[in-house]
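Observations on the three-dimensional arrangement
Okay, here's what each chain looks like letter by letter:
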Amino acid sequence: MNDLDISRRSLLGAGLALAGAPAFAAGRAAPLPDHIDRSTYDQILREFRSIVGDQWAIGNDDNLAPYRKSYVPDIDGQHAPIGAVAPESVEQVQAILAVANTYRQPLWPVSTGRNFGYGATTTARPGQFILDLKRMNRILSVDPEMGTALVEPGVTYQQLHDYLRDNNIPLWLDVPTIGPIASPVGNTLDRGVGYTPYGEHFMVQCGMEVVLPSGEVMRTGMGSIEGSNTWQNFKWGYGPYVDGLFTQSNFGIVTKMGMWLMPRPPAFKPFVFRNQTFEGLTALIDAIRPLRVGSVIPNGILTMGALYQVSMFRSRAEIYDNPAGTLPDDILRRIAAEEGLGMWNTYFGLYGTEQTIAATEPVLRAVLGQVEGELLTEAEMGGNRYFEHHKTLMMGGMSLEELGILKWRGGAGGMLCFAPVAQPRGSEATAQSALAKEILAKFGFDYAVAYAIGWRDLHHIIFIQYDKADKQQERKAMDCYVEMATRFAERGWGSYRTGVQGMDLVARQFGKVNQRFNKTLKDAIDPNGIIAPGKSGIV
Amino acid sequence: MIKLRLKKRVMLEPRWAIVLLAAAMLSGCGSEQGVPPEFTEPQVDTLNPIKVTAAAAVRDGAQVYRQTCAYCHEHNVGPKILGRNYPADAMAMIVRSGLNGMPSFRATDITDAELKAVTEYVATSAASTGAGS
């Protein structure tokens with residue numbers, strides 16, 4: 001069924017179908033851990049319910065459907081959770097950990113679980129309860145003078161955005177693409193990025209509270225100094241800096257996180273550089289790199305491929321009537337032109353005062369004037385829905401428009417992200433694009449990508465879009481991911497992040513010494529292995 | 001160029017509420033099946049007590065629609081749903097399970113009461129004039 005062609009009858013029918021077989025749309029039930037039998041499982045659930053209340057501890061039944069929904073492949077049914085428990089306080093987290101330690105029941109913590117291309121609320125290894133921290137949703141402090149905030153894991157960007165607006169606090173957020181339903185804690189702990197000058201989220205994180213597997217509560221940085229008021233001001237504290245150990249890992253449960261917020265600048269000017277050819281990417285990246293390294297462009301630069309952009313608002317079926325193979329370039333070029341897009345669309349901004357922006361813009365024009373393409377502003381692009389979308393993101397605004405890419409192939413939707421890192425050089429990007437296109441074409445998928453040009457790095461975010469209801473496509477998507485991850489690593493290009501379906505594979509690529517070091521820490525901190533076994537390949 | 005007005009002085013509305021101090025020490029978690037670690041009494045909230053600035057409030061149907069649904073259903077990403085008299089019960093089921101490309105929403109995202117309110121709001125509202133089909 002086409003999402004845009006929904007009718008009252010079809011919606012009613014879908015609702016009835018879901019009532020009869022909720023697992024159809026939301027994945028299948030997963031097996032219990034080997035060491036836990038049914039009666040022990042029931043006992044664990046009873047104990048969780050006694051801690052959080054009956055409503056907030058869910059067993060392995062139809063009520064778990066929202067947690068099973070995932071867009072990444074799960075060929076052998078290894079990633080669905082076996083339950084969920086949702087505490088509302090640190091004390092409840094500690095009590096849940098006590099139960100988990102007693103029965104050696106693994107817990108997979110999520111803040112809001114909205115990392116859709118990486119697994120959402122599904123798990124790397126089977127047999128785990130989701131520890132859903134969304135109910136811990138208090139904004140604990142916002143300091144307008146320091147430009148800092150302290151939040152719990154369940155606070156969404158929308159909630160923080162509304163708080164700043166309602167209280168006239170002139171600070172900006174930096175959001176990932178799905179700010180309204182995602183959380184600063186979850187995105188930062190996965191080392192996600194955004195689009196303002198504060199886009200490197202872990203860089204602007206400052207201070208954590210972590211519940212360790214033992215139940216002890218640790219505050220990092222300056223947070224454990226009695227009477228300190230610098231927990232959100234000074235990142236490093238004293239001695240070993242440990243905050244990084246709690247990102248992309250399973251050593252503790254982060255229950256509070258500090259962050260820096262950008263003072264709202266007096267002026268902001270968004271730009272897009274539009275290339276009409278795929279080949280233009282090489283010269284563009286070499287030209288724009290010095291502007292980013294030298295902070296002339298202060299925010300994360302985003303170079304969006306035409307197909308990714310188009311798939312935000314349009315479906316493949318309405319553009320091309322052949323579901324097999326990849327979308328031909330000539331069709332993509334025509335559709336992109338209809339939408340006011342080039343084959344590459346590079347978004348960035350200038351932030352400051354009217355005077356500083358006016359002084360800097362000629363530098364951009366002089367540098368980018370040497371490259372094939374057009375540098376455009378609101379004067380030319382205002383009202384274009386893609387330009388407006390990226391303008392919103394570069395101001396830390398709220399949008400869910402990129403969720404449209406999930407339904408490019410129709411059916412149940414499906415998406416799997418592969419995100420290799422490179423140096424920001426034109427030659428590297430060109431080589432990565434060629435390799436990605438070759439592998440995607442082999443499996444019959446389209447080249448839907450974005451390049452994020454960071455301060456010294458280039459992230460190539462490759463979206464494998466497929467229909468998860470089609471088991472053949474699901475298998476192909478998984479095979480395509482494995483081949484890409486393997487062949488990119490052979491060229492020295494490792495992932496900056498990966499989904500639950502690929503964590504062991506990527507961990508192996510980072511080497512045995514790294515794996516042993518992580519395991520040594522894991523065994524020491526979490527001897528019962530109760531926190532997220534399999535996260536980043538750490539067991 | 002976008003000019004942004006800066007307010008000279010910002011006053012926070014103090015809605016302070018004292019956070020609960022440390023809970024009773026957990027005990028009695030021994031078992032033959034696992035090896036529970038020794039719990040220590042949570043000490044940090046007594047060390048540097050944190051005051052709460054704002055907790056998420058219960059939302060009415062229009063708020064939930066505006067803060068979640070409208071971002072897709074008024075932006076040409078999902079189909080228009082206002083003004084079409086869709087049955088509230090079927091919509092509630094779809095919100096929880098996530099039909100097709102649509103994400104699922106858990107009771108921790110949209111509570112049962114909020115779900116009832118938003119599906120009734122959508123079922124009874126007039127069509128909107130935003131983008132979409």
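Structure first, text after, so check above.
Treat the numbers as computed from the prediction; the structure is a model and nothing was measured. (Residues numbered from 1 in each chain as written. Chains lettered and ligands numbered in written order. Predicted model: local features only at pLDDT ≥ 70, side-chain atom pairs only at ≥ 80, totals over all residues. Heavy atoms only, no water.)

**Some details on unusual backbone geometry**
Note the threshold: In DSSP terms, a helix is any run of H or I states spanning at least four residues, a strand is any run of E spanning at least two, and both are numbered starting from the N terminus.
Backbone geometry at S536 of chain A places phi at a positive 50 degrees, although glycine is not the residue there. With respect to the secondary-structure elements, S536 of chain A resides in the segment after α18 (512-525).

**Quick word on the layout of surface pockets**
All names here are of chain A. The line we're drawing: Method remark: on a 1 Å grid restricted to protein atoms, a set of points is classed as a cavity if a 1.4 Å probe fits but cannot get out and as a pocket if it is open with protein on both sides within 12 Å along at least five of seven lines; lining residues have an atom within 4 Å of a point. Grid points are joined across faces, edges and corners, and a volume is the space filled by probe spheres set on the points. Nonpolar residues are Ala, Val, Leu, Ile, Met, Phe, Trp, Tyr, Cys and Pro. Charged residues are Asp, Glu, Lys and Arg, and all others, Gly as well, are polar.
Approximately 770 Å³ is the volume attributed to the second largest pocket. Looking at the second largest pocket, it is lined by 32 residues, and the ones nearest its centre are R191, Q248, F510, N518 and S536. For the lining of the second largest pocket, the secondary-structure elements that each account for two or more residues are α17 (503-509) and α18. When the residues that make up the lining of the second largest pocket are grouped by side-chain class, the tally is twelve nonpolar, 13 polar and seven charged.

**Here we look at the pairing of strand β12 (residues 267-275) of chain A**
Residues and elements named next belong to chain A. Put simply, the test is: With a 1.4 Å probe rolled over the protein chains alone, any residue whose accessible area is under 20% of its type maximum counts as buried; one over 50% counts as exposed, and the rest are partly exposed. Paired strands, in this sense, are two strands between which DSSP finds at least two bridges.
With nine of nine residues buried, β12 lies mostly within the body of the structure. Burial along β12 is two-sided: the face carrying A267, K269, F271, F273 and N275 and the face carrying F268, P270, V272 and R274 are both buried. Where β12 meets strand β14 (residues 344-352), nine bridges bridge the pair, whose relative direction is antiparallel. Bridge pairing in β14 links F268 to Y351. Two strands pair when backbone bridges link them, and β12 and strand β15 (residues 374-376) are joined in this way by three bridges, in the antiparallel orientation.

**A closer look at the sheet that holds strand β2 (residues 83-85) of chain A**
All names here are of chain A. Taken in spatial order, the four strands line up as β1-β2-β4-β3 in an open sheet, and their pairing is mixed. Unpaired on one side and paired on the other, β1 (57-58) and β3 (107-110) mark the two borders of the sheet. When β2 meets strand β4 (residues 129-132), the two strands line up parallel, connected through three bridges. The partner of A84 across the bridge, within β4, is I130.

**Notes on the packing of aromatic side chains**
All names here are of chain A. Our working definition: Working definition: rings of Phe, Tyr and Trp (its six-membered ring) pair if their centres are within 6.5 Å, and the pair is stacked with planes under 30 degrees apart, edge-to-face with planes over 60 apart, and tilted otherwise.
Following the criterion strictly, the structure yields 18 aromatic pairs over all chains and no others. On the numbers, 6.3 Å between centres and 85 degrees between planes, the contact of W344 with Y447 is edge-to-face. Of the two residues, W344 is situated in strand β14 and Y447 in the loop between α15 (426-443) and β18 (448-453); the sequence distance between them amounts to 103 residues. Both residues of the pair, W344 and Y447, count as buried. Through a chain of ring-to-ring contacts, the aromatic side chains of F278, W344, Y447 and Y451 assemble into a single cluster.

**Some points on the packing of helix α2 (residues 61-73) of chain B against helix α4 (residues 112-124) of chain B**
Residue and element names in this part refer to chain B. Applied cut-off: Here an axis means a line fitted to C-alpha atoms, over the contact stretch when the element is a helix, while the angle between two N-to-C directions is reported on a 0 to 180 degree scale. Reported orientations rely on four angle classes, namely roughly parallel under 35 degrees, roughly antiparallel over 145, roughly perpendicular from 65 to 115, and oblique for the rest. When checking whether two residues touch, look at their non-hydrogen atoms; a contact exists if any pair is within 4.5 Å.
Look at α2 against α4: their axes get within 8 Å of each other, and the N-to-C directions meet at 85 degrees. With respect to each other, α2 and α4 are oriented roughly perpendicular. Facing α2, whose interface residues are G61, A62, V64, Y65 and C69, α4 presents E114, A117, V118, Y121 and V122. Residue classes in the contact of α2 with α4 are distributed as eight nonpolar, one polar and one charged.

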